[in-house]
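These are the residues of each chain, in order.
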Amino acid sequence: MSITITAFEHSPDRGGGHARDMRVRWALEEVGQPYDVRLVSFKTMKQPAHLALHPFGQIPTYQDGDLALFETGSIVFHIAECHRGLLPDEANARARAITWMFAALNTVEPPIVEREQARYVVGDKAWYSELLSILDDRVRARLAQLSRWLGDAEWLDGSFSAGDLLMVTVLRRLDGSGLVEEFPNVAAYIARGEARPAYRRAFDAQLAVFKAASAG
Ligand code: GTB
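By convention here, each chain's residues receive numbers from 1 onward along its written sequence. In view of the model being predicted, local features appear only for residues whose pLDDT reaches at least 70, and side-chain atom pairs are presented and counted only at 80 or more, with totals across whole chains, interfaces and linings using the full set of residues. Side-chain figures throughout are based on the complete set of non-hydrogen atoms in the structure, without hydrogens or water.

A word on the packing of aromatic side chains
Between two aromatic rings, the relevant description is the distance of the centres plus the angle of the planes.
Then step 1. To pair, rings of Phe, Tyr and Trp, with the six-membered ring standing in for Trp, must have centres within 6.5 Å; the planes then decide the type, stacked if under 30 degrees apart, edge-to-face if over 60, and tilted in the middle. Applying the stated criterion across every chain yields a total of 8 aromatic pairs.
Then step 2. Look at Trp26 and Phe160: their rings are 5.8 Å apart centre to centre, the planes differ by 35 degrees, and that puts the pair in the tilted class. Of this pair, Trp26 sits in helix α1 (residues 21-31) while Phe160 sits in the loop between α6 (128-150) and α7 (162-172), and the two are 134 residues apart along the sequence.
Then step 3. Partly exposed describes any residue whose relative accessible area lies between the buried limit of under 20% and the exposed limit of over 50%, with all areas from a 1.4 Å probe on protein chains only and scaled to the type maximum. Phe160 sits in the buried class, given a relative accessible area of 9%.
Then step 4. Between Trp100 and Trp149, the ring centres sit 5.4 Å apart and the planes meet at 55 degrees, which makes this aromatic pair tilted. Placement of the pair is Trp100 in helix α5 (residues 91-122) and Trp149 in helix α6, with a sequence separation of 49 residues.
Then step 5. Above the plane of the ring of Trp155 lies Arg192, whose end atom (NZ or CZ) is 5.8 Å from the centre.
Then step 6. Geometrically, a lysine NZ or arginine CZ counts as sitting over a ring once it is within 6 Å of the ring centre and also within 35 degrees of the ring normal. The ring of Phe160 has Arg196 lying over it, and the distance from NZ or CZ to the ring centre is 3.7 Å. What counts as a helix is a DSSP run of H or I of at least four residues, what counts as a strand is a run of E of at least two, and both are numbered from the N terminus.

If you want it as structure tokens, here you go:
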């Protein structure tokens, strides 16, 4: 059985590793599972064959034999359940790591995405800068809470887990905003994630897609 995921044929982030296939790639690299990537265009994502895999017409998807999954939280959880390395064995530690997966996606990511989307949706309005400052403060509030929790710990709860993997990818969406830099321990936490060899392999693989598309 071999694993196939989908990713953007032309990622709008130009290889910045912000599209969500990065999370799945990183998880697979952490557990040492080889995978194939099927690149899809925006048009292909909205066609019946892809909609049969992903009801919302998005990337990434994950296929392994008879199993087809969508939603990065679910995919990363599945990878972590099937292979050692992303969730602790001890039941309570495992439950806490899973809690951090949900916290990354349900509590930290929404204000970050809202901030990001505002530029696309209302970036041309006269009141956009006022809105941005409100949205910045909402993100800051989460970063301050995360910073307090982390203190000088290396990871969110003991060893590196799928919770850290999702949290780091969520926080990376703030690249260029200047907000993370206000919380040096959070910035150092992201840098630790990005320095992991599995992260580097995943990042390089998605960057290679962008480079190949640009060359071709
Ligand atoms: N909740 C789903 C999950 O976690 O899997 C969300 C999946 C999702 O948002 N997929 C996006 C997509 O397919 C790509 S990752 N969008 C196309 C569409 O909806 O038609 C989001 C994303 C896209 C681009 C950048 N970027 O350019 O920086 C960053 C993140």
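Let's talk about the site of the ligand
Then step 1. Taken together, 15 residues surround the ligand, and among them Arg20, Lys46, Ile59, Glu71 and Thr72 come closest.
Then step 2. We define a polar contact as two N or O atoms separated by no more than 3.5 Å, with the added condition that, inside protein, one atom must be a possible hydrogen donor and the other a possible acceptor, whereas residues neighbouring each other in sequence contribute only through side-chain atom pairs. Glu71 is positioned such that a nitrogen or oxygen atom in its side chain is 2.8 Å from a nitrogen atom of the ligand.
Then step 3. Here an oxygen atom of the ligand and a side-chain polar atom of Thr72 are 2.6 Å apart.
Then step 4. For the ligand, whose accessible area on its own is 680 Å², the fraction buried by protein is 78%.
Then step 5. One can see that the ligand is located within the largest pocket.
Then step 6. Residue composition of the shell around the ligand, by class: 7 nonpolar, 3 polar and 5 charged. To be near a molecule or strand, a residue needs just one of its heavy atoms within 4 Å of it. Using the Shrake-Rupley algorithm and a 1.4 Å probe, accessible areas are obtained, with residue cover drawn only from the displayed protein chains. Within this scheme a cavity is a closed region of a 1 Å grid, computed over the protein atoms alone, that accommodates a 1.4 Å probe without allowing it to escape, whereas a pocket is open but has protein on both sides within 12 Å along at least five of seven lines; lining residues each have an atom within 4 Å of a point. More than half of a molecule's atoms within 2 Å of the grid points is what it takes for that molecule to sit in a cavity or pocket. In this classification, the charged set is Asp, Glu, Lys and Arg, the nonpolar set is Ala, Val, Leu, Ile, Met, Phe, Trp, Tyr, Cys and Pro, and all remaining amino acids, among them Gly, are polar.

Re the domain arrangement of the chain
How big an interface is tends to be reported as the loss of accessible area on association of its parts.
Then step 1. The split into domains, and so the bounds of each, comes from an automatic or database assignment of domains. Each domain of the chain was delimited in the assignment, giving domain 1 (3-85 + 198-215) and domain 2 (91-196).
Then step 2. Note on definitions: buried area is the accessible-area loss of two parts on being combined, 1.4 Å probe, summed for both. For the pair domain 1 and domain 2, the two sides together bury roughly 1600 Å², of which 58% comes from carbon and sulfur.
Then step 3. Three residues, His18, Arg23 and Trp26, lead the burial of domain 1 against domain 2; their summed loss comes to 38% of the area buried on that side.
Then step 4. Our count for the domain 1 to domain 2 interface comes out at 12 residue pairs in polar contact (both at pLDDT 80 or more).
Then step 5. Of all the elements in the fold, those that place two or more residues in the side of domain 1 that touches domain 2 are α1, α4 (72-82) and α9 (197-215).
Then step 6. For the side of domain 1 that touches domain 2, the element with the highest residue contribution is α4, accounting for 5 residues.
Then step 7. Grouping the constituent residues of the side of domain 1 that touches domain 2 by class yields 8 nonpolar, 5 polar and 5 charged.

Focus on the layout of surface pockets
Then step 1. Grid points are joined across faces, edges and corners, and a volume is the space filled by probe spheres set on the points. Put simply, the largest pocket is a space of about 1200 Å³.
Then step 2. Lining the largest pocket we find 43 residues, and of these His18, Ala19, Arg20, Glu116 and Arg173 sit closest to its centre.
Then step 3. Only α2 (42-45), α4, α5, α6 and α7 provide two or more residues apiece to the lining of the largest pocket.
Then step 4. A total of 13 residues in the lining of the largest pocket trace back to one element, the largest contributor, which is α5.
Then step 5. Here the lining of the largest pocket is composed, by residue class, of 19 nonpolar, 12 polar and 12 charged.
Then step 6. Lining the lining of the largest pocket are residues from two domains, each supplying at least three of them: domain 1 (3-85 + 198-215) and domain 2 (91-196).

A closer look at the nonpolar core
Then step 1. Core analysis: the largest hydrophobic core is formed by 50 residues, its most contacted members being Tyr62, Ile79, Leu86, Leu143, Met167, Leu171 and Tyr189.
Then step 2. Those elements that place two or more of their residues in this core are β1 (3-8), α1, α4, α5, α6, α7, α8 (184-194) and α9.
Then step 3. In terms of residues, this core owes the most to one element, α5, which gives 8 residues.
Then step 4. In terms of domain composition, this core takes at least three residues from each of domain 1 (3-85 + 198-215) and domain 2 (91-196). For the purposes of this section, nonpolar cores are sets of buried Ala, Val, Leu, Ile, Met, Phe, Trp, Tyr and Cys residues that join through side-chain atoms within 4.5 Å.

What to know about α4
Then step 1. Where α4 is concerned, the buried positions are Thr72, Gly73, Ile75, Val76, Ile79 and Ala80. The arc that holds the buried residues of α4, viewed along the axis, is 170 degrees, so those residues lie on one side.
Then step 2. Contact definition: two residues touch when any of their heavy atoms are within 4.5 Å. Among the structural elements, α1, β3 (61-64), β4 (67-70), α5 and α7 are those in contact with the buried residues of α4. The arc refers to the directions leading from the helix axis to the C-beta atoms.

Some details on the side chain of Glu30
Then step 1. Assignment of secondary structure puts Glu30 in helix α1.
Then step 2. Judged by its relative accessible area of 18%, Glu30 falls in the buried class.
Then step 3. A polar contact of 2.8 Å, which involves the side chain of Glu30, links it to the side chain of Arg196.
Then step 4. Glu30 has contacts with Leu86, Phe160, Leu165, Arg196 and Ala198, leaving out every residue within four places of it along the chain.

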